[in-house]
Amino acid sequence: MKPRFLLLSAVASAASLFLTGCEGIYGVPYRAGTPAVRIYESHYPPKNPTEKPASPTEKPTDPTEKPVHPITVPVEAGDGDAQRYLSFSDVRVDVDERDGRKSIKVYTEMTPRQIVWRVSFIKDGKEVYHFNTFNRTDYSREALPLEPLAMDDTLPVPDKVVITRVKEHE
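An account of the accompanying structure is given in this report. Since this is a predicted model, take the numbers as computed values, not measurements.

Some remarks on the overall build of the chain
- Within the chain, the regular secondary structure consists of four helices and ten strands.
- Helices and strands appear in the chain in the N-to-C order α-β-α-α-β-β-β-β-β-β-β-β-α-β.
- Counting across all 170 residues of the chain, residues that qualify as buried make up 14%.
- Across the chain, every contact between residues at least 6 apart in sequence was considered, and the portion connecting residues at least 24 apart equals 49%.

Some thoughts on unusual backbone geometry
- Phi at Asp-99 takes a positive value of approximately 55 degrees, unusual for a residue other than glycine.
- You can call Asp-99 exposed: its relative accessible area is 82%.
- A positive phi angle, near 55 degrees, is found at Asp-124, a position not held by glycine.
- Mapped onto the elements, Asp-124 comes out in the loop between strand 6 (116–123) and strand 7 (126–134).

A closer look at the pattern of salt bridges
- For the structure shown, the criterion picks out six salt bridges.
- Residues Arg-98 and Asp-96 are paired through a salt bridge, measuring 3.1 Å at the closest nitrogen-oxygen approach.
- Here Arg-98 falls in the exposed class, since its relative accessible area comes to 59%.
- Ionic pairing is found between Asp-159 and Lys-123, a salt bridge with its closest N-O pair at 3.6 Å. Of this pair, Asp-159 sits in the loop between helix 4 (148–151) and strand 10 (160–165) while Lys-123 sits in strand 6; the two residues are 36 residues apart in sequence, bridging distant segments of the chain.

With respect to the sheet that holds strand 4 (residues 101–107)
- As summarised here, the arrangement of the three strands in space is 1-4-3, forming an open sheet in which the pairing is antiparallel. Both edges of this open sheet fall to strand 1 (28–29) and strand 3 (92–98), since each of them pairs with a single strand only.
- By the bridge criterion, two bridges tie strand 1 to strand 4 in an arrangement that is antiparallel. By the bridge assignment, Pro-29 is partnered in strand 4 with Ser-103.
- Lying on the sheet, helix 2 (residues 35–42) is in contact with strand 3 and strand 4; it crosses strand 3 at an angle near 90 degrees.

A few points about the pairing of strand 6
- Most of strand 6 is tucked away: six of the eight residues are buried.
- In terms of strand pairing, strand 6 meets strand 7 through eight bridges, oriented antiparallel. Bridged to Trp-117 within strand 7 is Thr-133.
- Once strand 6 ends, the chain turns through two residues before running back antiparallel as strand 7, passing Asp-124 with a positive phi of about 55 degrees.
- Where strand 6 meets strand 10, six bridges bridge the pair, whose relative direction is antiparallel. Residue pairing across strands places Ile-122 opposite Lys-160, the latter belonging to strand 10.

Let's talk about the environment of Val-37
- Looking at where Val-37 falls in the secondary structure, it is placed in helix 2.
- Val-37 sits in the buried class, given a relative accessible area of 1%.
- Expressed as a C-alpha distance, the spacing of Val-37 and Val-95, which sit 58 residues apart in the sequence, is 8.6 Å.
- Those residues in contact with Val-37 that lie beyond four places of it in its chain are Tyr-30, Arg-31, Ala-32 and Ile-104.

Reading the values: the criteria
Residues numbered from 1 in each chain as written. Predicted model: local features only at pLDDT ≥ 70, side-chain atom pairs only at ≥ 80, totals over all residues. Heavy atoms only, no water. Helix = DSSP H or I, 4+ residues; strand = E, 2+ residues; numbered from the N terminus. Buried < 20%, exposed > 50% of the residue type's maximum accessible area, 1.4 Å probe, protein only. Contact = heavy atoms within 4.5 Å. Salt bridge = Lys/Arg side-chain N within 4 Å of Asp/Glu carboxyl O. Pairing = 2+ DSSP bridges. Axes fitted to C-alpha atoms, helices over the stretch in contact; angles between N-to-C directions.

These results come straight from atomic positions and should not be treated as a statement about function.
Put into structure tokens, the structure is as follows:
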């Protein structure tokens with residue numbers, strides 16, 4: 001009974017992921033006045049075509065009117081590892097309207113940084129070959145290519161491979 005339950009729960013989990021999609025970031029109900037809405041609205045012109053959006057370089061015609069400046073909120077890494085291996089976009093805000101209801105998504109795009117790795121092939125305790133490479137995305141994995149092993153038939157089979165991060169200028 002237990003293996004069947006585990007199988008059914010795994011199938012149900014997979015089905016729910018398929019049905020909800022691969023997006024992974026769910027919207028929350030739109031609420032006027034929140035910081036996310038203020039960020040979002042500062043980047044888009046008014047919906048009313050007769051209303052002219054204020055330009056940051058223009059002076060307002062009405063003294064009580066304030067010019068609209070796009071709000072940009074940077075996202076920074078809070079520790080050395082995050083700073084070394086990842087880069088983050090500014091805060092992103094998407095508003096989606098369906099069936100008269102608005103939902104809002106607030107997120108930052110996270111991108112692996114290109115890291116230079118030194119790969120050394122060791123044979124009998126000595127380095128026989130080395131090269132620098134970058135991590136690459138291979139389907140759903142991060143992979144570090146070891147292409148010289150497949151390309152150079154003069155290389156011996158190494159006893160081990162030693163990988164170290166090359167210090168880059170930051």
